[in-house]
Structures are given as C-alpha cells and as structure tokens.
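Remarks on the overall topology
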Amino acid sequence: MNDTIIIGVDHGYAAMKTAHFSFPTGLVEYEHEPYTRKDVLEYDGRYYVVGTGRQPLQKDKTVTEDYYLLTLAAIAKELEHRQAGPVATVHLAAGLPLTGFGRDKKKFREYLFRDGKPVTFRYEWSTYTVTVEKVSLFPQGYAAVLTQSTLLDEPSIIVADIGGWTVDLMRLDGRIPNAATCRSLELGMIRCLDEIAEQIRRSLGLSMTAAQIESVLCGEANSVDNNARSIIHREAGAYAHRLLSAITESGLDVRAMPTIFLGGGAALMKRHVSATDGLCRPLILDDVCLNAKGYERLVGQLSARADHE
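Procedures and definitions
Residues numbered from 1 in each chain as written. Predicted model: local features only at pLDDT ≥ 70, side-chain atom pairs only at ≥ 80, totals over all residues. Heavy atoms only, no water. Pairing = 2+ DSSP bridges. Helix = DSSP H or I, 4+ residues; strand = E, 2+ residues; numbered from the N terminus. Phe/Tyr/Trp six-rings, centres within 6.5 Å; stacked < 30°, edge-to-face > 60°. Buried < 20%, exposed > 50% of the residue type's maximum accessible area, 1.4 Å probe, protein only. Axes fitted to C-alpha atoms, helices over the stretch in contact; angles between N-to-C directions. Contact = heavy atoms within 4.5 Å.

**Some details on the pairing of strand E10 (residues 126-139)**
Where strand E8 (residues 87-96) and E10 come together, ten bridges link them in parallel fashion. For Ala88, the partnering residue across the bridge sits in E10 and is Val130. Across five bridges, strand E9 (residues 119-123) lies against E10 in antiparallel orientation. Paired with Phe121 across the two strands is Tyr128, which belongs to E10. Counting the residues that bridge the hairpin from E9 to E10 gives two residues, and of these Glu124 lies at a positive phi of roughly 50°.

**Looking at the packing of aromatic side chains**
What the rule picks out here adds up to seven aromatic pairs. On the numbers, 6.1 Å between centres and 65° between planes, the contact of Tyr43 with Tyr68 is edge-to-face. Separated by 25 residues along the polypeptide, Tyr43 in strand E6 (residues 40-43) and Tyr68 in helix H1 (residues 66-81) bring together distant segments of the chain. The same class applies to Tyr43 and to Tyr68, which are both buried. With a centroid separation of 6.1 Å and an interplanar angle of 15°, the aromatic rings of Phe108 and Tyr111 are classed as stacked. Pair noted here: Phe108 and Tyr111 are both in helix H2 (residues 101-113), with a separation of three residues, about one helical turn.

**Topic: the sheet that holds E8**
Reading across the sheet, the seven strands line up as E1-E8-E10-E9-E6-E7-E5 and stay open at both edges, with mixed pairing between neighbours. Both edges of this open sheet fall to strand E1 (5-8) and strand E5 (27-30), since each of them pairs with a single strand only. The mean angle between the axes of side-by-side strands here comes to 35°, regardless of whether they run parallel or antiparallel. Pairing geometry for E6 and strand E7 (residues 46-50), over four bridges, is antiparallel. Bridge pairing links Leu41 to Tyr48 in E7. Contacting E1, E5, E6, E7, E8, E9 and E10, H1 runs over the sheet at an angle of about 70° to E9. Against the sheet, H2 contacts E8 and E10, and its axis sits at roughly 165° relative to E10.

Right under this line is the structure:
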C-alpha cells in the first residue's frame, strides 16, 4: 500500500491554495468534452473547466458540490507536482475561520471525507483514484503564522488573514489564540476590487476586469490607461487605511502591537502601509499558500507526536 500523503488545501472564496499552487475558484460545467484539456476535471460523467473566474459567494461551502470538485482538482495538482502517482491515499488538511470553527467543522469534515471511499476522476486527461483516509481541520490564519516561529516571540500579536471575501482577525497571547478577540470582517479583496472597478467606471467610463486591476496592483499591465492606474492605486491605499480602521474598531489596537497580514491581500498592504506611517506595526506574509503549508505542517507535527507516545 502506498504511504499516506498529507495534502493541505485552503478553500478560499476567490482562490484555492495548496502548498505549491493557487488557482481561482471558478468552475464551468460542460455536458460534453470541452474545447480544452487544460484544467479540465471529469467526474461522475460530467466535465468541468477549473479556474476560470471565481465562484459566486457561498458562505456555506458545503451547499453545492463546487468546493468538493475544486478539492479534487487541488489534490490532482499536488499529486502531479510531487510525482506521487495516480493512485494515492491522502490525509487532507484544511481550515475554517476561527469564528465559526466549532460550528462548521463537523459538516465540512464530512463534506470532504465522503466516508473515506476511493474516488476515481480524471484531471487533464490523467485518471486518479484517491482515497481520503482522514480529514484534519485547523483555524485559518493561525496555521499560517505557526510556520513563522520567529514572529511569535512577541507577548501579543494581531493576525489579519485577508481573503477574497472576509478578513479573519485574531489576537495571539503567548502564541495562543484569544477566542474572545476573533472577528470576521466582510472587507476582503473582492470588495476592494469591486470598489476600484466602480470608481473607474464612474470617472473614466471604462469597464476593467478584476484581472486587469490585480495586474496593476502587482506592478504589471503596462498597457493600462495612466488615469485608470492612478485611480487603482489611490483606491487601494484608501482600502488599506479603511481596513486598519475596521480592525481598530473591532477592539484590536494595530498601533499597540505588531500586526501580521497574510492571505491574498497581504501584498496590497505591503505596498500601501508601512511602519513609518505610524498607523500600525505591520509584518507582511505575502505567500498566499501559507495556510495550506501550515495545515500540512500541523498534521506532520501531530503525527510525529502520536508516533512517540
């Protein structure tokens, strides 16, 4: 029997992340074989092109099969990257916001586990048979921060995980999450991008895509109109400062203690907020795969501890 492979998956509203990949949550279904082989998932007699656009907002990700199908694609990508072969036993490591962790973990675990039965599917025309042997769930944000041990020496730190739709907040005291401080703000990057697009429509009459706006924020897309570029950076700065105000209003003083920003929006904060502003003491972790890496690391640590008991 093959050894069990630990695969961490971060189920974001805007993007799916594994230890080595990040791809949009878009999923387009086809009744017949689609026009391309790239990013095509075939499951239960249906075809899906993965990664085009993003999912409509689903606060309960178990309501439809979409996030399960995206999980299969994520597993396939990791198996291919690790050259692990098409038949695998997987220990799936995933996460939930700490604010709803206790409420949602049973349902989300069952959604991903599927009774531990082997599942056969095709991804990019390779056939996989995957058995999810176990599902472990961890708090988002916290798992990512645990990969950065040198950042945890402060007696108290704020963690702000800026995702697609939400910004999940918590305070760590002596490396332990303070449950009373956990908040989830609906101020994620989707809100930021939508507001920028609206300002460009109002000011310039242009309908820019989220991909174009993100390219400008990353310092790319040189062909974009200079006036539009100016609006994008102005509104991004306004969003960053609005987010800092919202964090403070949640009872977490960003001036009094270091704030770790991570997730898809961390890179934006890196460009628009610095310690010299006097608004906060930022520590930026802009690797969008950190949550998934953290989940895998935690499973590995728990497994090693169990082996020594």
